[in-house]
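# Overview (structure and organization)
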Amino acid sequence: MPLPARSTLLSHAALLALSAFLGGCSSVPDAQPNPYMLPFTTDLRLSDEGVQRGVRATQAQCAQARQAVWAPSALQGDVCLRYWKAGFAAHGPTPRVLVFFHGDVWTGTATSPDYLKLTDAALQEQAEHWAKQTGLPYLFIGRPGTHGSSGEHMQRRRRGESLQISAALDALKARYGIQEWVVAGQSGGGHVTAALLGDRSDIVCAVPASAVSSPKVRWWLRGWTVDSTGHADSYEPLDTLAKAGKHPALRVFVVGSPGDTNTPWTMQLLLADRARAVGLPVEVLSGEGAGPSKHGMSQSARRVAGWCGKGLSTDEIRQRGGAELKG
């Protein structure tokens, strides 16, 4: 779908001002029990109904599931998040881990058919593939309400989602002796990445790709009045981004496709502008997104995260990115 003409009416500086204004209108949702949620199962069962209605788990059920972590949160409730890992130390700590957050699985009218085809074995195979490709221990976390995790995918981009995921990262640090995170995310997972960047001090590399990092500006550019979830109180990560309290070696790489018709490129650049303004080291890397909307940059996000996590210089990453970022 082409962007509305209004997307060309504001300068980049004016979009930054609009982001600040809209962000100031945010509110924090209260955790309200959803009586329509499906019961949690210890085996992986992906369904359209689960995505739309959400899934409820207890801590005891979570403890019985393979590779799952309990994430307590005062907002949007406690959740059990599933994960798939590869490349971790067989014994002892795994100091630095690349964690990837997938994009939304709800298309706006239905659940993605590709998502519904996923299996536990396929997700484990993907984790092993990316651990080999990046040369780093790799972790894939199912966002709330997806990939067998409990919670509600229809509450995504509200403040509670990133807090639930941050709580899971704390629990995983303790479980596996992790000291530093290399964080990457695609689209809605890029929103999670941007939010964590504002919240945490243990992120050494952050790669938001095709990221919905300023949801309310995205609404405005697309002529909407609320987020695609139907909520009007999406969290604006730009509001909390600051240099204080960050990892001393932090580097941020904003990755995207200028031809993206799902999440406007000019909106994605606002995160880079904000990071630069507060003194964080940030680079913008553009490539060609996959799919009809040129939105898919999941592979590029993980490549860049791997380069950063392995300690390649920013100059070398910039040079590689100019030739290798596609999809």
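Whatever comes next refers back to the structure up there.
The present account deals with the structure reproduced in this document.

Calculation notes
- Residues numbered from 1 in each chain as written.
- Predicted model: local features only at pLDDT ≥ 70, side-chain atom pairs only at ≥ 80, totals over all residues.
- Heavy atoms only, no water.
- Helix = DSSP H or I, 4+ residues; strand = E, 2+ residues; numbered from the N terminus.
- Buried < 20%, exposed > 50% of the residue type's maximum accessible area, 1.4 Å probe, protein only.
- Contact = heavy atoms within 4.5 Å.
- Areas by Shrake-Rupley, 256 points an atom, 1.4 Å probe, with all protein chains shown as cover.
- Axes fitted to C-alpha atoms, helices over the stretch in contact; angles between N-to-C directions.
- Parallel < 35°, antiparallel > 145°, perpendicular 65-115°, else oblique.
- Left-handed = near helix turned anticlockwise from the far one by under 90°.
- Nonpolar A, V, L, I, M, F, W, Y, C, P; charged D, E, K, R; others polar.
- Pairing = 2+ DSSP bridges.
- Core = buried A, V, L, I, M, F, W, Y, C linked by side-chain atoms within 4.5 Å.
- Disulfide = S-S within 2.5 Å.
- Salt bridge = Lys/Arg side-chain N within 4 Å of Asp/Glu carboxyl O.

### As for the overall build of the chain
- A tally of regular secondary structure across the chain gives 11 helices and 10 strands.
- Expressed as a percentage of its 327 residues, the buried residues of the chain come to 56%.
- For the chain, the proportion of contacts with a sequence separation of at least 24, taken over those separated by at least 6, is 73%.
- A total accessible area of about 13,200 Å² is found for the chain, and carbon and sulfur atoms account for 53% of it.

### Things to note about the packing of helix H8 (residues 215-222) against helix H9 (residues 265-277)
- Interaxial distance between H8 and H9 falls to 9 Å at its minimum, and their mutual angle equals 160°. Taken as axis vectors, H8 and H9 run roughly antiparallel relative to one another. Relative to H9, H8 is oriented so that their crossing is right-handed. Where H8 abuts H9, its residues Val 217, Arg 218 and Leu 221 lie against Thr 266, Met 267 and Leu 270.
- Residue classes in the contact of H8 with H9 are distributed as 4 nonpolar, 1 polar and 1 charged.

### Some points on the pairing of strand S4 (residues 79-86)
- Burial analysis of S4 places 7 of its 8 residues in the buried class, the great majority of the element.
- Across 4 bridges, the pairing between S4 and strand S6 (residues 138-141) is antiparallel. Within S6, the residue paired with Trp 84 across the bridge is Phe 140.

### What about the environment of Val 55?
- Residue placement: Val 55 occurs in strand S2 (residues 55-56).
- A relative accessible area of 14% places Val 55 in the buried class.
- Ignoring sequence-local partners within four residues, the contact set of Val 55 consists of Met 37, Leu 38, Pro 39, Phe 40, Gly 50, Ser 149, Ser 150 and Gly 151.

### Examining the nonpolar core
- Residues Val 99, Phe 101, Leu 139, Ile 141, Leu 172, Trp 181 and Leu 196 are the most contacted members of the largest nonpolar core, which totals 40 residues.
- Broken down by element, this core gets its largest block of residues, 6 residues, from helix H6 (residues 159-176).
- Residues contacting Ile 141, with those up to four places away along its chain left out, are Leu 81, Arg 82, Tyr 83, Val 99, Phe 100, Phe 101, His 102, Leu 169 and Leu 172.
- Core analysis: the next-biggest nonpolar cluster, separate from the first, contains 29 residues, Trp 130, Val 182, Val 204 and Val 255 among them.

### What about the sheet that holds strand S7 (residues 180-186)?
- With respect to topology, 8 strands assemble into an open sheet ordered S3-S4-S6-S5-S7-S8-S9-S10, the strand pairing being mixed. Each end of this open sheet is capped by a strand with a single partner; those strands are strand S3 (68-71) and strand S10 (282-286). For this sheet the average axis-to-axis angle between neighbouring strands, irrespective of direction, equals 20°.
- Pairing analysis gives 4 bridges linking strand S5 (residues 96-101) to S6, with the strands arranged parallel. When the bridges of S6 are listed, Leu 98 appears paired with Tyr 138.

### Section: unusual backbone geometry
- Positive phi is not limited to glycine here, since Ser 210 has a value of about 45°.
- For Ser 210, a relative accessible area of 0% corresponds to the buried category.
- Positive phi, normally seen in glycine, also occurs at Lys 294, with a value near 55°.
- Note that Lys 294 resides in the loop between S10 and helix H10 (298-309).

### Concerning the environment of Arg 222
- If you trace the backbone, Arg 222 turns up in helix H8.
- Considered as a pair, Arg 222 and Thr 261 are 39 residues apart in the sequence and their alpha carbons are 9.5 Å apart.

### Digging into the state of the cysteines
- This model, assessed by the stated rule, comprises 2 disulfides.
- Disulfide pairing is shown between Cys 62 and Cys 80; the S-S distance is 2.2 Å. As the torsion about the S-S bond is roughly 80°, the Cys 62-Cys 80 disulfide counts as right-handed. Of this pair, Cys 62 sits in helix H3 (residues 59-64) while Cys 80 is found in strand S4, placing the two residues 18 residues apart along the sequence. Neither Cys 62 nor Cys 80 differs from the other in exposure class; each is buried.
- The residue that forms a disulfide with Cys 205 is Cys 308, at a sulfur-sulfur distance of 2.0 Å. Taking the sign of the S-S torsion, -85° for the link of Cys 205 and Cys 308, the bridge is left-handed. A residue pair is termed long-range when its members are at least 10 positions apart, and Cys 205 in strand S8 (residues 203-209) and Cys 308 in helix H10 qualify at 103 residues.

### Here's the deal with the pattern of salt bridges
- Tallied over the full model, the rule gives 18 salt bridges.
- In this structure, Glu 316 and Arg 320 form a salt bridge, with 3.5 Å as the shortest nitrogen-oxygen distance. One end of the pair, Glu 316, and the other, Arg 320, are both in helix H11 (residues 314-324), 4 residues apart, so they sit about a helical turn from each other.
- The exposure class assigned to Glu 316 is partly exposed, which follows from its relative accessible area of 32%.
- With a relative accessible area of 31%, Arg 320 lands in the partly exposed category.
- Salt bridges here are not isolated pairs; linked through shared partners, they connect Asp 104, Arg 143, Arg 156, Arg 157 and Glu 161.

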